Amino acid sequence: MASSTIFFSKSFLASCRLLLRRLSFSYHPRRNSKLQKLIVHDKLEQTQWYQDKTLVLDLEGAVLRSNSTFPYFMLIAIEAGSFLRGLILLSMYPFTCFLNQDMAMQVLTMISFGGLKEEEVTRVGRAVLPKHLLEDVGMKGLEMVRCKMQPRGIICVTRMPRVMVETFVREYVRGVEGVVGKEVKSVGGYYTGFVREGSVEGKLELHFGEFVGFGSSTMVSQHQLFPVCKDFHFVDEAEKRKWHALQRDKYAKPLVFHDGRLAFRPTPLAALAMYMWLPLGILLSLIRSLVFICLPQNTSVLIEAFLGMKTRINQCNFADANCGDNSGRLFICNHRTLLDPVYISAALNKQRISAVTYSVSRITELLSPIKTVRLTRNREEDKKRMEELLKRGDLVVCPEGTTCREPYLLRFSSLFAEVADEVHPVALTTKVGMFYGTSTGLFKFMDHIYFLMNPWPEYDVKFLGKMSTRMINGKCCTGFEAANHVQSEIGRVLGYGLTKLTRKDKYLMLAGNEGYV
């Protein structure tokens, strides 16, 4: 009896070790016999100069810090599909850990892509995945490619479907002339989920001379292009664990716009935590919404704090005794979420305040706890509406015209400078940990719901000093100069970068339209 118990315990422990080893997704394939002739370098400092050679770059092995591709398939499943599809993918993940790498990749692709529109997956690959991929880029690996190797050309290879990474690779990994990855079969504009290896003949015909490889030591034989490499430089896994994330100022170009609901990297454990939180988050979002809609502003802020929402208000001394008159002050703020005017109203403790909106859904307007007036696309008509609202009380305007998640300010419209001689700038920042409260998709009316679903959403409201729209430092100015001055002051206080990008630029980049709702 005792021996059988000991045998069972040892078997159970062995099974647990096997499961943990599989769950780590760390594969150590046998080296292909064709690769035995490669000259292998295992130290980054030993890398040679490759100006006259073509570099075969392993995306997962040499650029990204993590070898796991599951988070990116989860993003495709949720952002291009639904939360239900993501739940199915998560539930199948433990089974894929017992499959070999190629079979596991086929299963993940089948679940993530099957039945999705090609254009929707392409949009996610263009608007959502680059942000998450950039956060996983290792600074040292990318510097090796940019500064030390300096090859004549780069062919990037990936274990993931090409459509998932092509935009990221071409825009943020300089010098890439071709991307080789799995191709997902489609019928009638919809993906079937079946994959085939990408063709490499066309990529090789464009390059002459020697090929050199750069990848991970655990995946040196995992792609069909590596056998053509005469020289191979691999990164040891212990070395990769020391890599730091790529800093924002090192990006090949600024990441100003991105889309998608998930604000975190959906690893298996993080995705599991999200699904466990989701039912409570939906209920909490509804309660928070009702508090904003039904209760007075000064009461709602206190109750929202009890419900986990953090609000910081700075330098609101000017909004004291005069808050109840008919002065009609114009508040100009940067745009973070649809709740910006609501938080300014709560900070001022005012019910009689209005906000102008631009192409938001009717449902959002109906649910708003403060009065909203929709702008037309006629400058004179919009000016009249804003002047009329100022006669009735205070007005909040977001001259950017659309939200921006990253620490940048879009171009400010100068219309507000034609409406009032003085404005009160307001600098806003938000923090979320699970869901973004902005989107460019069809379900924009759910933006505030997603924001309120976060466990501890934060809002910082900072009132700046009164500013003139007619003079800057004692000199007369135009409306455009006044708008740029207000933008620069808000950017200075927040530490945000200034851009000349507009709402139209954002929607053309992320959604392929001009932002009409």
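Because the structure is predicted, anything quoted here is derived from the model rather than measured.

Peer 1: What's the story with a nonpolar patch on the surface in this structure? I'm lost.
Peer 2: A surface patch of nonpolar side chains, amounting to about 480 Å² of accessible area, comprises Leu84, Leu87, Ile88, Met92 and Phe95. Mapped onto the fold, Leu84 is located in helix α4 (residues 83-96).

Peer 1: Explanation requested: the packing of helix α12 (residues 268-294) against helix α13 (residues 297-306) in the structure shown.
Peer 2: A pair of packed helices can be characterised by two numbers: the angle between their axes and the separation between those axes. At their nearest, the axes of α12 and α13 sit 8 Å apart, and the two run at 165° to each other. In terms of axis orientation, α12 runs roughly antiparallel to α13. Crossing geometry of α12 relative to α13 is assigned as right-handed. Between α12 and α13, the contacting residues are Arg288, Val291 and Phe292 on the first element and Ser300, Ile303 and Glu304 on the second. When the residues that make up the contact of α12 with α13 are grouped by side-chain class, the tally is three nonpolar, one polar and two charged.

Peer 1: Sorry if this is basic, but what is going on with unusual backbone geometry here?
Peer 2: Phi is positive for Asn473, which is not a glycine, with a value near 55°. Residue position: Asn473 is located in the loop between β17 (471-472) and β18 (475-476). Residue Asn473 is classed as exposed on the basis of its relative accessible area, which comes to 77%.

Peer 1: Even after reading the chapter, I still don't get helix α5 (residues 101-113), so can you show me in this structure?
Peer 2: Side chains of residues three or four places apart in an α-helix project in the same direction, reflecting 3.6 residues per turn. The end-to-end C-alpha distance of α5 is 18 Å, a good match for the 18 Å that 13 residues give at a rise of 1.5 Å each. Looking at α5, one finds that the buried residues are Gln101, Ala104, Met105, Leu108, Thr109, Ile111, Ser112 and Phe113. Positioned one or two residues after α5, Gly115 has a phi angle of 85°, which is positive.

Peer 1: I keep staring at the pattern of salt bridges and nothing clicks. Help me out?
Peer 2: Pairs can form between side chains of opposite charge once their charged atoms are near each other. Tallied over the entire structure, the rule returns 25 salt bridges. Close ionic contact of Asp394 with Arg329 constitutes a salt bridge, the shortest N to O distance being 3.2 Å. Placement of Asp394 in strand β12 (residues 394-397) and of Arg329 in the loop between β8 (310-314) and β9 (330-333) is noted, with a sequence separation of 65 residues between them. Using a relative accessible area of 11% as the deciding quantity, one classes Arg329 as buried. A single network of salt bridges, built from pairs that share partners, joins Glu120, Arg123, Asp259 and Arg405.

Peer 1: Please explain the environment of Ser414 as it appears in this structure.
Peer 2: Tracing the sequence through the fold places Ser414 in the loop between β13 (408-409) and α17 (415-419). Classification of Ser414 as buried rests on a relative accessible area of 4%. Distance in space between the C-alpha atoms of Ser414 and Val486 is 10.0 Å, their sequence separation being 72 residues. A polar contact is formed between the side chain of Ser414 and the side chain of Arg379, at a distance of 3.0 Å.

Peer 1: Can you walk me through the packing of aromatic side chains in this structure?
Peer 2: How two aromatic rings sit relative to each other is given by the distance of their centres and the angle of their planes. According to the stated counting rule, one finds twelve aromatic pairs in the structure shown. When the ring of Tyr172 is compared with that of Tyr251, the centres are 6.5 Å apart and the planes differ by 80°; the resulting orientation is edge-to-face. Separated by 79 residues along the polypeptide, Tyr172 in helix α9 (residues 162-172) and Tyr251 in the loop between α11 (237-240) and α12 bring together distant segments of the chain. One exposure class covers both Tyr172 and Tyr251, and it is buried. For the ring pair Phe331 and Phe463, a centre distance of 6.1 Å and an interplane angle of 80° mean the geometry is edge-to-face.

Peer 1: What is the right way to read the confidence of the model for the protein from this model?
Peer 2: When pLDDT is low, close inspection of the predicted coordinates is not appropriate. This prediction gives the protein a mean pLDDT of 84; 82% of its residues lie at or above 70. Across residues 19-40, confidence stays below pLDDT 50; counting only partners more than four residues off in sequence or on other chains, it has 42 contacts. Contacts of residues 319-325 to residues separated by more than four positions or lying in other chains number nine contacts, the stretch itself having pLDDT below 50.

The rules we used
Residues numbered from 1 in each chain as written. Predicted model: local features only at pLDDT ≥ 70, side-chain atom pairs only at ≥ 80, totals over all residues. Heavy atoms only, no water. Patch = residues over 30% accessible without salt bridge, like charges linked within 9 Å, V, L, I, M, F, W, Y side chains within 5 Å. Areas by Shrake-Rupley, 256 points an atom, 1.4 Å probe, with all protein chains shown as cover. Salt bridge = Lys/Arg side-chain N within 4 Å of Asp/Glu carboxyl O. Helix = DSSP H or I, 4+ residues; strand = E, 2+ residues; numbered from the N terminus. Axes fitted to C-alpha atoms, helices over the stretch in contact; angles between N-to-C directions. Parallel < 35°, antiparallel > 145°, perpendicular 65-115°, else oblique. Left-handed = near helix turned anticlockwise from the far one by under 90°. Contact = heavy atoms within 4.5 Å. Nonpolar A, V, L, I, M, F, W, Y, C, P; charged D, E, K, R; others polar. Buried < 20%, exposed > 50% of the residue type's maximum accessible area, 1.4 Å probe, protein only. Expected span 1.5 Å × (residues − 1). Polar contact = N/O pair within 3.5 Å; in protein donor to acceptor, adjacent residues only side chain to side chain. Phe/Tyr/Trp six-rings, centres within 6.5 Å; stacked < 30°, edge-to-face > 60°. pLDDT = per-residue confidence, 0-100.

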